[in-house]
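Report on the structure
If you want the building blocks of each chain, they are given just below.
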Amino acid sequence: MTITKAAAVGGGVIGAGWVARLLLNGIDVSIFDPDPEASRKVSEVMKGARRAYKRMLPDGLPKEGKLTFAKTIAEAVTDADLIQESVPERLDLKHKVLAEIDLHAPANAIVGSSTSGIKPSDMQVAMKKHPERLVVAHPFNPVYLLPIVEIVGGAQTFPEAIEVAKEIYASIGMKPVVIRKEIEAFVGDRLLEAAWREALWLIKDGICSVEELDDIMRYGFGLRWAQMGMFQVYRVAGGEAGMRHFMAQFGPCLKWPWTKLMDVPEFNDELVDLIASQSDDQSAQWSIRELEKIRDENLVGIMDVLSKTNKGKGWGAGALHKDYVKRLGKLAAAKKPVSKAAAKAKAAKPVKKKAKKA
Ligand SMILES: NC(=O)c1ccc[n+]([C@@H]2O[C@H](COP(=O)([O-])OP(=O)(O)OC[C@H]3O[C@@H](n4cnc5c(N)ncnc54)[C@H](O)[C@@H]3O)[C@@H](O)[C@H]2O)c1
């Protein structure tokens, strides 16, 4: 399924990343963000996203979708096939914004929330007309490059909405993974939260510095994770005897005092100062924009390499990247925006079919 128009409600780090991915796929986007600086911030992100996509498509990009700044949520969401909510992570604000989106969006539009951890059931109670079309669509930063999007349905979400959402996000080069049970923080952030807690302890206890911890990740298991994830990596680590051997060897460590996962460091000014000052020592020589640039260059490079391995079929994110670049290349060659092609395609089918729990 292709879409012709999307709306972004909230255009900060994540909202602007969504805007960039959508526009670079030729989809028109209408955005609402009350921040007077929103337009400048979005154009900064667009600059970086265009630069990254030019690395992926040196022969030229598809025609970009049109970006419009709306004065209200109502104006932004009219006629949208997809509405992506990316306002700050506060339940009261999500309720307010989703209620308004729900009031004005077309009945068959999908509403995706970028929330990092709020359960969709807790958000959709604010949607009085069509709560059945709300899904959590949780991306990772930078949204225009990282393909993963965690899709989570709530108690009122229709299975059809999840199916349509999967198709829409896949149509803009993403890898939707549907989370089977609704939990706070879903899967990605649950894992990251565990690692983050441990990292805070390690710095607080003076075991290593911020830079040393990052080095241990990026010179080591971070490189493995980018291409095989946790379980496939450990299967290989088990040697010829595989996963069972690996588990037999490392299973007992779970009972040893290897982690402090049940325990949270006190989050106070002292901890913030410790981490922030070490982070300055590590990275103050680069601006955030410079770091974004090198991050994007590295990500495109990694995905490019992964698109060529496995006898040329690509591996993991690389296999998807290969298809995405090919599709965008075809669009660019056709010299017409995807929205025109998509206009001929079937309009988004209504999601309101049966009142079944997702
Ligand atoms: N930053 C990340 O790495 C990340 C990753 C994945 C998901 N998320 C989630 O994405 C959402 C947005 O996070 P962010 O990091 O982009 O935050 P952000 O602070 O960078 O951006 C939030 C934007 O929302 C705007 N906003 C505030 N009130 C609004 C309203 N009533 N209507 C429309 N816009 C409004 C703000 O002006 C701001 O531009 C959160 O739910 C967050 O949990 C963040």
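Residues numbered from 1 in each chain as written. Predicted model: local features only at pLDDT ≥ 70, side-chain atom pairs only at ≥ 80, totals over all residues. Heavy atoms only, no water.

1. A few points about the packing of aromatic side chains
Cut-off, in case you're wondering: A pair of aromatic rings is counted whenever rings of Phe, Tyr or Trp (Trp by its six-membered ring) have centres within 6.5 Å, and the orientation is called stacked for planes under 30 degrees apart, edge-to-face for over 60 and tilted otherwise. Put simply, DSSP marks the helices as runs of H or I at least four residues long and the strands as runs of E at least two long, and each gets a number from the N terminus on. Only protein chains enter the area calculation, which uses a 1.4 Å probe; residues under 20% of their type maximum are buried, those over 50% are exposed, and those in between are partly exposed.
As enumerated under the stated definition, the model contains 5 aromatic pairs in all. With a centroid separation of 5.4 Å and an interplanar angle of 55 degrees, the aromatic rings of tryptophan 18 and tyrosine 169 are classed as tilted. Taken as a pair, tryptophan 18 in helix H1 (residues 13-24) and tyrosine 169 in helix H6 (residues 159-171) lie far apart in primary sequence, 151 residues in all. When its relative accessible area of 0% is taken as the criterion, tryptophan 18 is described as buried. On the basis of an interplanar angle of 20 degrees and a centroid distance of 4.3 Å, the ring pair of tyrosine 234 and phenylalanine 246 is categorised as stacked.

2. Side note on the pattern of salt bridges
To be explicit about the condition: The rule for a salt bridge is simple: a side-chain nitrogen of Lys or Arg has to be within 4 Å of a carboxyl oxygen of Asp or Glu.
Counted under the stated rule, the structure contains 15 salt bridges. Among the ionic pairs, arginine 55 bridges to glutamate 297, the shortest N-O distance being 3.8 Å. Of the two residues, arginine 55 sits in helix H2 (residues 38-56) while glutamate 297 sits in helix H11 (residues 288-306), which places them 242 residues apart along the sequence. On the basis of relative accessible area, glutamate 297 is assigned to the partly exposed category, the value being 31%. With its nearest N and O atoms 2.9 Å apart, the salt bridge here joins arginine 218 to aspartate 215. Taken together, the residues span about one helical turn, with arginine 218 and aspartate 215 both in helix H8 (residues 210-237) at a distance of 3 residues. Judged by its relative accessible area of 48%, arginine 218 is partly exposed. On the basis of relative accessible area, aspartate 215 is assigned to the partly exposed category, the value being 25%. Connected through shared salt-bridge partners, Glu44, Lys47, Arg289 and Glu292 make up one network.

3. Description of the UniProt feature "domain: 3-hydroxyacyl-CoA dehydrogenase C-terminal" (unreviewed entry) in the chain
The criterion, for reference: UniProt positions are given in the numbering used here, feature names are shortened, and annotations may be inferred rather than shown by experiment.
UniProt's feature table lists "domain: 3-hydroxyacyl-CoA dehydrogenase C-terminal" (unreviewed entry) at residues 186-252, given in the numbering used throughout. Annotated as residues 186-252, this span is 81% helix and 0% strand, and its ends, taken at the C-alpha atoms, are 27 Å apart.

4. Some remarks on H1
Note the cut-off: A helix is expected to reach a length of 1.5 Å times the quantity of its residues less one.
In a regular helix each residue adds 1.5 Å, so 12 residues correspond to 16 Å; H1 covers 17 Å between its end C-alpha atoms and thus fits that length. When you tally the buried positions in H1, you get 10 out of 12 residues, the bulk of the element. What H1 keeps buried is the set Gly15, Ala16, Gly17, Trp18, Val19, Ala20, Arg21, Leu22, Leu23 and Leu24. Phi turns positive, to about 85 degrees, at glycine 26, one or two residues after H1.

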